[in-house]
Amino acid sequence: MDSTSIMPRHRVGYWFSEKKSKKFNLEEFHSICDQAGLELVKINFTLPIEEQGPFSAIIHKMTDVIAQADLGDPECLTIVQSFEHFIFANPKIKIIDPFDNLRQLLDRYQTYSKINNSDLHKAGEVFVPPFVDLVSSDVEENIRKLREAGVRYPFVCKPAVAHGSKMAHQMSIIFHEGAVKDCEPPCVAQTFIPHDAVLFKIFVIGKKYFVVERPSLKNFSAAERPTIFFDSHDVSKPDSVSLLSILDDDEKSDVRPTTNGELLDRVISMLRVALEMNLFGVDIVVEKSTGHYAIIDINAFPGYEGVPDFFTHVTEVLKEIVESSPVSSSSVTTTSSSSGVGEEDSGIDTGDSSDEKRHQQNNQGSRVKRSSALFNSNATNS
């Protein structure tokens, strides 16, 4: 018998929604993990989780399930409670990423507040545009809150819940005080930053990050004009063609916004420390008037569209995490790895609306960087 077949292999459980699973090339994921000495096992929530292990780590995309559970969905609530009980009973299993860390990104106001209260200002030339949460239907109260928070016109009105439904991407641009009535609480109002219709999506995978350029909203200024309602996915997908992204003639220029590698290194390092997560995305725009970076959104386990060799990088993170500390024999298995393709349904599905379709081809506009600050893998313990 080949000696490699009896070597202990770390078993890694995973859960993605059925929609996400169809977008991902899971056969490739299984193959890459197998070559790295990891046995990838799809978790089925209709069966006891304990019977599907033992696991050294679990990687999941449960943001939408958690969001729906927090909103009271009984099926999702049962799944989340079952998983949390399992994690609590098995503290040595590494979770990527822990639920407590994910929950901070489910609410946009909490997300912006978390970043604002971090050491991000030490990175220099980076900021979170002024924001405020609007929870009342009282227009006058909302106008007062906007003034007190320093939110300027125009501002972008975003649903408070950042994941869990298509409504999370339904936004509006409010141009003047008289249009504040168009806000739909609960929402977050954030000052719009003119950025020449260029968005930089930063995809973080462990200690690496990738920069992908996307179309974005054109420059707007305060004016007595009607509110614009839009879907952020329609504007910022790779192949989006939206009138909202076409610069006015007097705004067009041969000089396009660019990113500074050293500054991004500092920004991503500080965000990784603040968020204590391995898989997340950051939306950044470059302010037209100053060249400063404005962080306008953060997503947990985004679509990673345009990131080459995605599963190779994820597998590297998994291998580093499971080998970062001694694991008892109860956490490993000598069972040979199977492809797992065509396994049973995981028992629950969600719309997965917070993700964009992941293309398999490389995006020439992407580049990879390694964060300058080492991340303590123990932060992934739940």
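Sequence positions are assigned chain by chain, starting from 1 and proceeding in written order. Reporting in this predicted model follows two pLDDT cut-offs: at least 70 for local features of residues, and 80 or more for side-chain atom pairs to be given and counted; totals over whole chains, interfaces and linings ignore these cut-offs and use all residues. Only hydrogens and water are set aside; all other atoms, that is, all heavy atoms of the structure, feed into the side-chain values.

Describing the overall build of the chain
For step 1, the next point in the chain: A tally of helices and strands in the chain yields 10 helices and 16 strands.
For step 2, the next point in the chain: Of the contacts formed within the chain by residues at least 6 apart in sequence, a portion of 77% connects residues at least 24 apart.
For step 3, the next point in the chain: Carbon together with sulfur atoms contributes 50% to the accessible area of the chain, which is approximately 17000 Å² in total. Helix numbers and strand numbers start at the N terminus; a helix is a DSSP run of H or I with at least 4 residues, a strand a run of E with at least 2. Contacts were defined at the residue level, with two residues in contact if any of their heavy atoms lie within 4.5 Å. Here the Shrake-Rupley method, with its probe set to 1.4 Å, supplies the accessible areas, and only the displayed protein chains count as covering residues.

Notes on the sheet that holds strand S9 (residues 187-191)
For step 1, the next point in the chain: Paired strands are those between which DSSP finds at least two bridges. Ordered in space as S6-S9-S7-S8-S12, the five strands form an open sheet in which the pairing is antiparallel. Since the sheet does not close on itself, it has two edges, and those belong to strand S6 (131-134) and strand S12 (228-231), each with one partner. For this sheet the average axis-to-axis angle between neighbouring strands, irrespective of direction, equals 25°.
For step 2, the next point in the chain: Across the sheet, helix H6 (residues 108-116) is in contact with S6, strand S7 (155-159), strand S8 (170-174) and S9; its angle to S6 comes to roughly 150°.
For step 3, the next point in the chain: In the packing of helix H7 (residues 139-149) onto the sheet, the strands contacted are S6, S7 and S9, and the crossing angle to S6 comes to about 160°. Each axis is a line fitted through C-alpha atoms, and for a helix only the stretch in contact is used; angles between axes span 0 to 180 degrees, taken between their N-to-C directions.

Section: the confidence of the model for the chain
For step 1, the next point in the chain: pLDDT expresses how confident the predictor is about each individual residue, on a scale running from 0 to 100. Overall, the predicted model of the chain reaches an average pLDDT of 82, with 82% of residues at or above 70.
For step 2, the next point in the chain: For the stretch residues 327-368, pLDDT sits under 50, and the model shows 137 contacts to residues farther than four places along the chain or on other chains.

Describing helix H4 (residues 74-89)
For step 1, the next point in the chain: An expected span of 1.5 Å times one less than the residue number is assigned to each helix. Here H4 spans 22 Å end to end across 16 residues, near enough to the 22 Å set by a 1.5 Å rise per residue.
For step 2, the next point in the chain: Relative accessibility decides the category of a residue: with a 1.4 Å probe and only protein chains considered, values under 20% of the type maximum give buried, values over 50% give exposed, and everything between is partly exposed. Along H4, the residues that are buried comprise Cys-76, Ile-79, Val-80, Phe-83, Phe-86 and Ile-87. What you see down the axis of H4 is that its buried residues fit within an arc of 125°, all on one side. Residues of H4 that are exposed and point over 90 degrees away from its buried face: Pro-74, His-85, Phe-88 and Ala-89.
For step 3, the next point in the chain: For H4, the elements touching its buried residues are strand S3 (57-60), helix H3 (63-70), strand S4 (94-96) and helix H5 (99-103).
For step 4, the next point in the chain: The opening residue of H4, the one whose side-chain oxygen lies 3.1 Å from the backbone nitrogen of Glu-75, is Asp-73. Arc, as used here, means the arc of the directions from the helix axis to the C-beta atoms. Polar contacts, as used here, are pairs of N or O atoms within 3.5 Å; protein pairs need one atom able to donate a hydrogen and one able to accept it. Residues neighboring in sequence count only if both atoms are side-chain atoms.

Overview of helix H9 (residues 261-275)
For step 1, the next point in the chain: The terminal C-alpha atoms of H9 lie 21 Å apart, and with 15 residues this matches the ideal 21 Å at 1.5 Å per residue to within 8%.
For step 2, the next point in the chain: Taken together, the buried positions of H9 are occupied by Leu-263, Leu-264, Asp-265, Val-267, Ile-268, Ser-269, Leu-271, Arg-272, Ala-274 and Leu-275.
For step 3, the next point in the chain: At the N-terminal boundary of H9, the capping side chain belongs to Asn-260, with an oxygen 3.0 Å from the backbone nitrogen of Glu-262.
For step 4, the next point in the chain: Remark: Glu-276 follows H9 within two positions and exhibits a positive phi of approximately 55°.

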